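Here's the letter readout for the chains.
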Amino acid sequence: MEIDKNLVLPKSDSWKMFNAIAGRYDFLNRLLSLGQDVRWRRALKKFMPETSGQTILDLATGTADVLIVLTKNNSKIHRGFGVDPAVKMLEIGTKKIQRAHLDDRLMLQQGDAQALPFLDETFDCVTISFGIRNIPDLRLALLEMYRVTKKGGRVLILEFSKPENPLLKAGHWLYLQTFVPIVGFIFSGNFKAYTYLNQTIQTFPYGDRFCKILKQMGFVDIKPHPLMGGAATIYVAQK
Ligand SMILES: C[S@@+](CC[C@H](N)C(=O)[O-])C[C@H]1O[C@@H](n2cnc3c(N)ncnc32)[C@H](O)[C@@H]1O
């Protein structure tokens, strides 16, 4: 089946869409994932490095949920930076960081994951959650992540994937085709945003294909950790 071109949002413009829905983004995330997104981001914690005095970077940071969940009650993180092109998402993230009393350690700035404003080998850990599938040039972003990670440092990538079990896979497909666009439209008024979500999930090279790409970019010790039967996956890789 041909996809209606009017409904396809180019990835290079996705940040504008996130700006447009920023005020409802957190609420819609909780609603559409039935609260699972919070659990999935929290699951990143157990894959963080153990070293003290860490400097971390979160890409496509949005409203800063990842930085906050990783840094709260974790004295091993000395400083954390978040980068995203969508200023409206960052404004909400900055307020959340202040409310969590983490503004002495966390800072957000506007930027593109494909051209990071940081020196080589700056970060102990680089994270990206539900962001990598939105980046126009996936390989460029991964090369940038590799460049700014310290030798022996780690990257954690949390992204939607597809369940292997045929029953779960069918339910997942139905959920993406119907529940997500309809409920997303009702609560955000933005139909494109939630058909876009479906399209990017369907076309993302998840699982072994994504592990192969990470390997090509130079990462080692790559391990995928499926969550909820494979609806999402955390990829852990070392530099
Ligand atoms: C689904 S949101 C994820 C936000 C956050 N990481 C989370 O877990 O809720 C995707 C984010 O990717 C950002 N994004 C889009 N293009 C980007 C790019 N080229 N570089 C960095 N971030 C980008 C969007 O602005 C948006 O905030």
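Given the structure is predicted, the values throughout are model-derived calculations rather than measurements.

S.K.: Let's hear about the overall build of the protein: which residues, and what values?
M.R.: Looking only at helices and strands, one finds 8 helices and 7 strands in the protein. On C-alpha atoms alone, the protein measures out to a radius of gyration of 17 Å, which is about the 18 Å that the 2.2 N^0.38 rule sets for 239 residues. Dimensions along the principal axes, computed over C-alpha positions, put the protein at roughly 50 × 35 × 30 Å. Taking all 239 residues of the protein together, the buried fraction comes to 53%. Here the protein carries 32 positive and 22 negative side-chain charges, and the mean point of each set is 4 Å from the other.

S.K.: How would you sum up the layout of surface pockets? Please name residues and give values.
M.R.: Here the largest pocket is characterised by a volume of approximately 680 Å³. Broken down by secondary-structure element, the contributors of at least two residues to the lining of the largest pocket are α1 (14-32), α2 (36-43), α3 (65-71), β2 (77-84), α6 (166-188) and α7 (191-203). Of the residues that constitute the lining of the largest pocket, the class distribution is 27 nonpolar, 12 polar and 8 charged.

S.K.: Break down the packing of aromatic side chains for me, citing the residues and quoting the values.
M.R.: One pass over the structure, following the stated rule, counts 11 aromatic pairs. Between the aromatic rings of F18 and Y25, the centroid separation amounts to 6.0 Å while the plane-to-plane angle is 75°, which identifies the pairing as edge-to-face. Relative accessible area serves as the criterion here: at 15%, F18 is assigned to the buried category. According to the relative accessible area criterion, Y25 is buried, its value standing at 15%.

S.K.: Describe the pattern of salt bridges, with residues and values.
M.R.: One pass over the full model with this rule turns up 13 salt bridges. A salt bridge links K76 to E50, with the nearest nitrogen and oxygen atoms 3.0 Å apart. With K76 in the loop between α3 and β2 and E50 in the loop between α2 and β1 (54-59), the pair connects residues that are 26 residues apart, well separated along the chain. Judged by relative accessible area, which is 28%, K76 ranks as partly exposed.

S.K.: Lay out the site of the ligand in plain terms, naming residues and giving numbers.
M.R.: Neighbouring the ligand are 20 residues, the closest being Y25, R41, A60, D84 and S129. Interatomic distance of 3.0 Å between a side-chain N/O atom of D112 and a nitrogen atom of the ligand. A distance of 2.9 Å separates a nitrogen atom of the ligand from a polar atom in the backbone of A113. Isolated, the ligand exposes 600 Å² of accessible area, and the fraction of that covered by the protein chains is 97%. One can see that the ligand is located within the largest pocket. Looking at which element gives the most residues to the shell around the ligand, the answer is α1, with 5 residues. Residues belonging to the shell around the ligand are distributed by class as follows: 10 nonpolar, 7 polar and 3 charged.

S.K.: Pulling in residues and values, what's your account of the nonpolar core?
M.R.: A general trend in soluble globular proteins is that nonpolar side chains are found buried together. Formed by 46 residues in total, the largest nonpolar core has its most connected members in W40, L70, L158, Y194 and I234. Among the elements that take part in this core, α1 stands out by supplying 7 residues, more than any other. Residues contacting L70, with those up to four places away along its chain left out, are L44, K45, M48, I56, I77 and T127.

S.K.: Before we move on, could you go through helix α5 (residues 138-148) and cite the residues and values that matter?
M.R.: Among all positions in α5, only L138, A141, L142, E144, M145 and V148 are buried. Looking down the long axis of α5, one finds its buried residues gathered within 160° of arc, a one-sided arrangement. Tucked into the core, α5 has its buried residues touching β1, β4 (123-129), β5 (149-160) and α8 (208-216).

S.K.: Tell me about the environment of L140, and please be specific about residues and values.
M.R.: With respect to the helices and strands, the residue L140 is situated in helix α5. It is 9.2 Å that separates the C-alpha atoms of L140 and M217, two residues lying 77 residues apart in sequence.

Reading the values: rules and limits
- Residues numbered from 1 in each chain as written.
- Predicted model: local features only at pLDDT ≥ 70, side-chain atom pairs only at ≥ 80, totals over all residues.
- Heavy atoms only, no water.
- Helix = DSSP H or I, 4+ residues; strand = E, 2+ residues; numbered from the N terminus.
- Rg over C-alpha atoms; globule rule 2.2 N^0.38 Å.
- Buried < 20%, exposed > 50% of the residue type's maximum accessible area, 1.4 Å probe, protein only.
- Lys, Arg positive; Asp, Glu negative; His and termini not counted.
- Charge placed at Lys NZ, Arg CZ, Asp CG, Glu CD.
- 1 Å grid on protein atoms, 1.4 Å probe; cavity = no way out; pocket = protein on both sides within 12 Å on 5 of 7 lines; lining within 4 Å.
- Points joined across faces, edges and corners; volume = space filled by probe spheres on them.
- Nonpolar A, V, L, I, M, F, W, Y, C, P; charged D, E, K, R; others polar.
- Phe/Tyr/Trp six-rings, centres within 6.5 Å; stacked < 30°, edge-to-face > 60°.
- Salt bridge = Lys/Arg side-chain N within 4 Å of Asp/Glu carboxyl O.
- Near = heavy atom within 4 Å.
- Polar contact = N/O pair within 3.5 Å; in protein donor to acceptor, adjacent residues only side chain to side chain.
- Areas by Shrake-Rupley, 256 points an atom, 1.4 Å probe, with all protein chains shown as cover.
- Sits in = over half its atoms within 2 Å of the grid points.
- Core = buried A, V, L, I, M, F, W, Y, C linked by side-chain atoms within 4.5 Å.
- Contact = heavy atoms within 4.5 Å.
- Arc of directions from axis to C-beta.

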